[in-house]
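Observations on the model geometry
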Amino acid sequence: MSANIIDGKKVAQLTRDEVRKDVDDWMDAGNRPPFLQVVLVGNNPASDVYVGAKTRACKEVGIETDTMRLPDTVSAKELKATIHKLNKDDSVDGILVQLPLPNHLSAHDVIESIDYRKDVDGFHPMNVGRLTVGQPSFRSCTPAGIIELFKHYSIPTKGKHAVVVGASNIVGRPISILLNKESGEQGKATTTVCHKFTKDLTQHTIGADILVVAAGQPELIKAEMVKEGVVVIDVGINRVADETKEKGYSLVGDCDFESVKEKASWITPVPGGVGPMTVAMLMKNTLLAAKKSIYPE
Ligand code: L34
């Protein structure tokens, strides 16, 4: 069997089309366009690419945006003062500080300084906490995008064994919570979360009906580690040297795609899988922030 390909590019386009309509309605009702402020610290080439994709998506759906570039020498104090100003600015609906940050800055402190009502990344402890207890919250974009893919392709999760490889605050932890949640149409899976201390990773991955891999390690998951019919969501996005490519690298996920796809029933490609969904869900969250849908005044 060769897997069905989960087309993240296509579903992301459909999602953006939907947001475009909702933004139009919002403005037809007499409101100003939503505004997303991106803060980009330092010069991380991958961050430039991702922020570029976010800016383009904003333009497409009618969200206004600005990227504030700060040098990698910026102090925690200066960065937080900048964020506090944005928190108070009523013309700013969403604030996104692109990660990773330079080593001298604590992502925890910076995220916590963002007003949780403008935290369109869903990284603030208030949003993560509310997600965990099942209250309305901004859901971080990559996990929300994965759930959207399951919905679009009617891939059932209820009662399935979902194994998540990677326990990051951005992806692994929140997707394990969403997949395990008992309410709503998606979720209701039994979840296992593996991380770098997991002994014998295969013992866990081999039992997965749904395998979400967000470890940041090229080709960590090989065909012999999964069972026939597994649904594979590959969140990894790794640059590996490739002289045949103009850029000098190619993008690969955390799975050995060619061999794993022969056993899987569904699989996301890299690129064109989860990445575009992350960007599309940010558009949704920014509109929710502008409408004050999650935290009404
Ligand atoms: N604050 N930091 C904050 N929020 C986020 O949601 C992110 N993330 C992750 C890194 N740091 C962040 C992103 O934006 C990862 N990420 C992201 C965004 C977009 C894409 C991948 C990761 C994406 O568009 N990927 C394309 C290929 C892009 C390329 O050519 O490099 C894809 O098809 O997968």
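Scroll up a little and you will see the structure.
Here the structure is a predicted model, which is why all the values come from computation and not from measurement. All chains use their own residue numbering, which begins from 1 and follows the written sequence. For this predicted model, a pLDDT threshold of at least 70 governs which residues receive local features, and a threshold of 80 or more governs which side-chain atom pairs are given and counted, while totals over whole chains, interfaces and linings are taken from all residues. Hydrogen atoms and water are omitted, and side-chain values are computed over all heavy atoms in the structure.

Helix and strand assignments follow DSSP, with helices taken as H or I runs no shorter than four residues and strands as E runs no shorter than two, numbered in order from the N terminus. A count of helical and extended segments in the chain gives 10 helices and 11 strands. Here the globule rule is a power law, 2.2 Å times the number of residues to the power 0.38, and the radius of gyration is based on C-alpha atoms. Taken over the C-alpha trace, the chain has a radius of gyration of 19 Å; the compact-globule value for 297 residues is 19 Å, and the two agree within 12%. The C-alpha extent of the chain, read off along each of the three principal axes, is 55 × 40 × 35 Å. Within the chain, the fraction of its 297 residues that count as buried is 49%. Only protein chains enter the calculation, and the probe is 1.4 Å; a residue is then buried if its accessible area is under 20% of its type maximum, exposed if over 50%, and partly exposed in between.

Think of it this way: a Phe, Tyr or Trp ring, Trp meaning its six-membered ring, pairs with another when their centres are within 6.5 Å, and the plane angle makes it stacked under 30 degrees, edge-to-face over 60, tilted otherwise. One pass over the structure, following the stated rule, counts three aromatic pairs. Taken together, a centroid distance of 6.1 Å and an interplanar angle of 55° make the contact between F138 and Y295 tilted. Of the two residues, F138 is situated in the loop between α5 (125-133) and α6 (141-152) and Y295 in the segment after α10 (274-291); the sequence distance between them amounts to 157 residues. Take Y295: its relative accessible area is 12%, and that puts it in the buried class. Plain terms: the ring middles of Y153 and W266 are 5.1 Å apart, the flat faces sit at 55° to each other, and that makes the pair tilted. With Y153 in the loop between α6 and β5 (161-165) and W266 in strand β11 (residues 266-267), the pair connects residues that are 113 residues apart, well separated along the chain. The rings of Y116, F138 and Y295 are connected pair by pair, giving a single aromatic cluster. Here, a charge over a ring means that NZ of Lys or CZ of Arg falls within 6 Å of the ring centre while also lying within 35 degrees of the ring normal. Looking at R117, its charged tip hangs above the ring of Y116, at a distance of 5.6 Å from the centre.

Moving on, we get to helix α2 (residues 45-61). Taking 1.5 Å of rise per residue, the 17 residues of α2 would be expected to cover 24 Å, and the 25 Å separating its terminal C-alpha atoms lies within 8% of that figure. When we look at burial in α2, the residues that qualify are A46, S47, V51, K54, A57, C58 and V61. Projection of α2 onto a plane perpendicular to its axis shows the buried side chains occupying an angular sector of 125°, all on one side. Relative to its buried face, α2 has exposed residues pointing more than 90 degrees away, namely P45, R56 and K59. Against the buried residues of α2 lie α1 (8-28), β2 (35-41), β3 (64-70), β4 (94-97), β9 (238-241) and α10. The first or second residue beyond α2 is G62, which carries a positive phi of 90°. The span you would expect from a helix comes to 1.5 Å times its residue count less one. Taken from the helix axis, the directions to the C-beta atoms give the arc we talk about. Here, two residues are considered to be in contact whenever any of their heavy atoms come within 4.5 Å of each other.

Our next topic: the site of the ligand. Nearness is defined per residue: one heavy atom within 4 Å of the molecule or strand is enough. Taken together, 16 residues sit near the ligand, with K54, V97, L99, D121 and G272 positioned nearest. In the model, a nitrogen atom of the ligand is placed 2.9 Å from a nitrogen or oxygen of the L99 main chain. Any N or O atom pair separated by 3.5 Å or less is treated as a polar contact, with the protein-specific requirement of one donor-capable and one acceptor-capable atom, and with residues adjacent in sequence counted only for side-chain atom pairs. Between the ligand and D121, the relevant distance is 2.7 Å, taken from a nitrogen atom to a side-chain nitrogen or oxygen of the residue. The protein chains hide 84% of the 670 Å² of surface that the ligand would expose on its own. Shrake-Rupley sampling with a 1.4 Å probe provides the accessible areas, and residues are treated as covered by the protein chains on show and by no other component.

Now for the pattern of salt bridges. A side-chain nitrogen of Lys or Arg and a carboxyl oxygen of Asp or Glu constitute a salt bridge if their distance falls within 4 Å. Summed over all chains, the structure comprises 10 salt bridges. Here K227 and D209 are joined by a salt bridge, their closest N and O atoms 2.8 Å apart. Taken as a pair, K227 in the loop between β7 (210-213) and β8 (231-234) and D209 in the loop between α8 (201-205) and β7 lie far apart in primary sequence, 18 residues in all. The partly exposed category is assigned to K227, whose relative accessible area is 31%. Look at the salt bridges and you will find they share partners, linking E258, K261 and E262 into a network.

Here, any two strands with at least 2 DSSP bridges between them count as paired. The three strands are arranged β3-β2-β4 in an open sheet whose pairing can be described as parallel. Because the sheet does not close on itself, it has two edges, and the strands there are β3 and β4. Averaged over all adjacent pairs, the angle separating strand axes in this sheet is 15°, with direction ignored. Pairing analysis gives four bridges linking β2 to β4, with the strands arranged parallel. Looking at the pairing, Q37 lines up with I95 of β4. Between N-to-C directions, angles cover 0 to 180 degrees, with each direction set by a line fitted to C-alpha atoms, over the stretch in contact for helices.

You can see S75 is positioned in the loop between β3 and α3 (76-88). For S75, a relative accessible area of 27% gives the class partly exposed. Along the backbone, S75 and L105 are 30 residues apart, and their C-alpha atoms lie at a distance of 7.5 Å.

This next bit is on the environment of K158. Summarising the element assignment, K158 is placed in the loop between α6 and β5. In sequence terms K158 and L287 are 129 residues apart; their C-alpha atoms lie 29 Å from each other. Once you skip the residues sitting within four places of it in the chain, K158 turns out to touch G187 and K188.

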